[in-house]
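Reading the structure
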Amino acid sequence: MLIVVILTLAAGTYGFRVAGVLLRDRLDLPEWARLLLPVGAAALLAALAATAAFTEAGRFAGWARPAGVLVGLLLAWRRAPFLLVVAAAAGTAAVLRLLGVP
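Predicted model, so just to flag it, every value in this text is computed and none were measured.

Another aspect to go through is unusual backbone geometry. Its identity is not glycine, yet alanine 57 carries a phi of approximately 60 degrees, on the positive side. Residue placement: alanine 57 occurs in the loop between β1 (55-56) and β2 (59-60). The exposure class assigned to alanine 57 is exposed, which follows from its relative accessible area of 79%. The backbone phi angle of arginine 79 is positive, close to 65 degrees, even though this residue is not glycine. Topologically, arginine 79 is positioned in the loop between α3 (64-77) and α4 (82-98). Among the residues examined, arginine 79 registers a relative accessible area of 76% and is labelled exposed.

This part is about the layout of surface pockets. One number sums up the size of the largest pocket: a volume of about 220 Å³. Along the walls of the largest pocket sit Phe16, Gly20, Leu23, Arg24, Leu27, Leu29 and Arg34, which together make up its complete lining. Among the residues making up the lining of the largest pocket, the classes are represented as four nonpolar, one polar and two charged.

The next thing to look at is the packing of aromatic side chains. For the structure on display, the rule yields one aromatic pair. Centroid distance phenylalanine 60 to tryptophan 63: 5.0 Å. Interplanar angle 70 degrees. Geometry classified as edge-to-face. With a relative accessible area of 46%, phenylalanine 60 lands in the partly exposed category. In this structure, arginine 78 is placed above the aromatic ring of tryptophan 77, and the distance from its NZ or CZ to the ring centre is 6.0 Å.

What counts, and at which threshold
- Per chain, residue numbering runs from 1 following the sequence as it is written.
- Residue-level local features of this predicted model are given only where pLDDT is at least 70; pairs of side-chain atoms are given and counted only at 80 or more, and the full residue set underlies all totals for whole chains, interfaces and linings.
- The side-chain values count all of the structure's non-hydrogen atoms but skip hydrogen atoms and water molecules.
- Under the scheme used here, helices are H or I runs from DSSP no shorter than 4 residues and strands are E runs no shorter than 2 residues, and both carry numbers assigned from the N terminus.
- A 1.4 Å probe rolled over the protein chains alone gives each residue an accessible area, and that area as a share of the maximum for its type sets the label: buried under 20%, exposed over 50%, partly exposed in between.
- Grid points spaced at 1 Å over the protein atoms alone were grouped into cavities, where a 1.4 Å probe fits but cannot get out, and pockets, open sets with protein on both sides within 12 Å along at least five of seven lines, with lining residues defined by an atom within 4 Å of a point.
- Grid points are joined across faces, edges and corners, and a volume is the space filled by probe spheres set on the points.
- Residues are sorted three ways: Asp, Glu, Lys and Arg are charged, Ala, Val, Leu, Ile, Met, Phe, Trp, Tyr, Cys and Pro are nonpolar, and all the rest, Gly among them, are polar.
- Two aromatic rings, drawn from Phe, Tyr or Trp (for Trp, its six-membered ring), form a pair once their centres lie within 6.5 Å of each other, and the interplanar angle then sorts them: stacked below 30 degrees, edge-to-face above 60, tilted otherwise.
- For a lysine, the NZ atom is tested; for an arginine, the CZ atom; a charge sits over a ring if that atom is within 6 Å of the ring centre and within 35 degrees of the ring normal.

Now the structure itself:
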């Protein structure tokens, strides 16, 4: 049963991607909609990142994870190398959890 769900989701995702390519020239959006599409995508990504940073199993994840995300954001904003950003964010969360911060 699980494989059927996975294949259905894969087919749906592929269908959306193909539809975007095939309908790009046929669909005429107003200028205001064209300006809002990138903003909508950025807002969706920010909402997903916030949900992942602050919640776990529908509840608040504790303060260690958001602190790690904040360290990662600051380093990314300062244009640190990607591996350093990931390692510092994970290390911050790990050290805080070792110190007893939930």
